[in-house]
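# Architecture at a glance
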Amino acid sequence: MEISAVKADSPGRNNRSHKEWVELTNTTRHAINLDGWTLEDESGKTYTFDDYRLVGRATVRIHAGIGRDTRTDLFQDRRT
C-alpha cells in the first residue's frame, strides 16, 4: 500500500468539491481490507476507513469535501 498522489491546499471553499484529496494504491496483486485504517493530517483531523476493501493493483481517492462514496472515491464530508 502506498500514498500515490496528494492534492492539498487548493484555493477556495472545499464543501461539495473534490479539490483536496489523497490517493492510496494497493501495489500488490491481493485485496487489502482497510477497515479501521486511518489517515491523519497535520492538524490532527483523522479519516477512518469503514468496511472498505481495496482490490489488488487498484487506487482509491479520499476527498476532504462532501460527496457520495463509490468504489474509487471516498469522502470525509468536511465542510472546511
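Please refer to the structure placed before this passage.
### Section: the pattern of salt bridges
Across all of its chains, the model carries one salt bridge by this definition. The partner of Glu 23 in a salt bridge is Arg 61, and the shortest N-O contact between them spans 2.6 Å. Separated by 38 residues along the polypeptide, Glu 23 in strand E2 (residues 21-25) and Arg 61 in strand E7 (residues 59-63) bring together distant segments of the chain.

### Some thoughts on the sheet that holds strand E1 (residues 2-7)
The strands that make up a sheet pair up through hydrogen bonds in the backbone, lying either parallel or antiparallel. The sheet built from four strands is open, its strands ordered E1-E2-E7-E8 with mixed pairing. The open sheet terminates on both sides in strands that have one partner only, identified here as E1 and strand E8 (73-75). In this sheet, neighbouring strand axes are inclined to one another by 20° on average, regardless of whether the strands run parallel or antiparallel. As defined by bridge partners, E1 adjoins E2 across five bridges and the pair is classed as antiparallel. Across the sheet, residue Ala 5 finds its bridge partner in E2, namely Glu 23.

### Brief notes about the environment of Leu 24
One can find Leu 24 in strand E2. The exposure class of Leu 24 is buried, given its relative accessible area of 4%. Spatially, the C-alpha atoms of Leu 24 and Val 60 are 5.5 Å apart, while their sequence positions differ by 36 residues. Setting aside residues up to four positions removed in sequence, Leu 24 forms contacts with Met 1, Glu 2, Ile 3, Ser 4, Leu 39, Phe 49, Leu 54, Ala 58, Thr 59, Val 60 and Ile 62.

### Focus: the environment of Arg 68
Within the fold, Arg 68 resides in the loop between E7 and E8. According to the relative accessible area criterion, Arg 68 is exposed, its value standing at 72%. Once residues lying within four places of it in the same chain are set aside, the contact partners of Arg 68 are Asp 73 and Phe 75.

So, how was this worked out
- Residues numbered from 1 in each chain as written.
- Predicted model: local features only at pLDDT ≥ 70, side-chain atom pairs only at ≥ 80, totals over all residues.
- Heavy atoms only, no water.
- Salt bridge = Lys/Arg side-chain N within 4 Å of Asp/Glu carboxyl O.
- Helix = DSSP H or I, 4+ residues; strand = E, 2+ residues; numbered from the N terminus.
- Pairing = 2+ DSSP bridges.
- Axes fitted to C-alpha atoms, helices over the stretch in contact; angles between N-to-C directions.
- Buried < 20%, exposed > 50% of the residue type's maximum accessible area, 1.4 Å probe, protein only.
- Contact = heavy atoms within 4.5 Å.

Interpretation note: all reported values are geometric properties and have no functional meaning in isolation.
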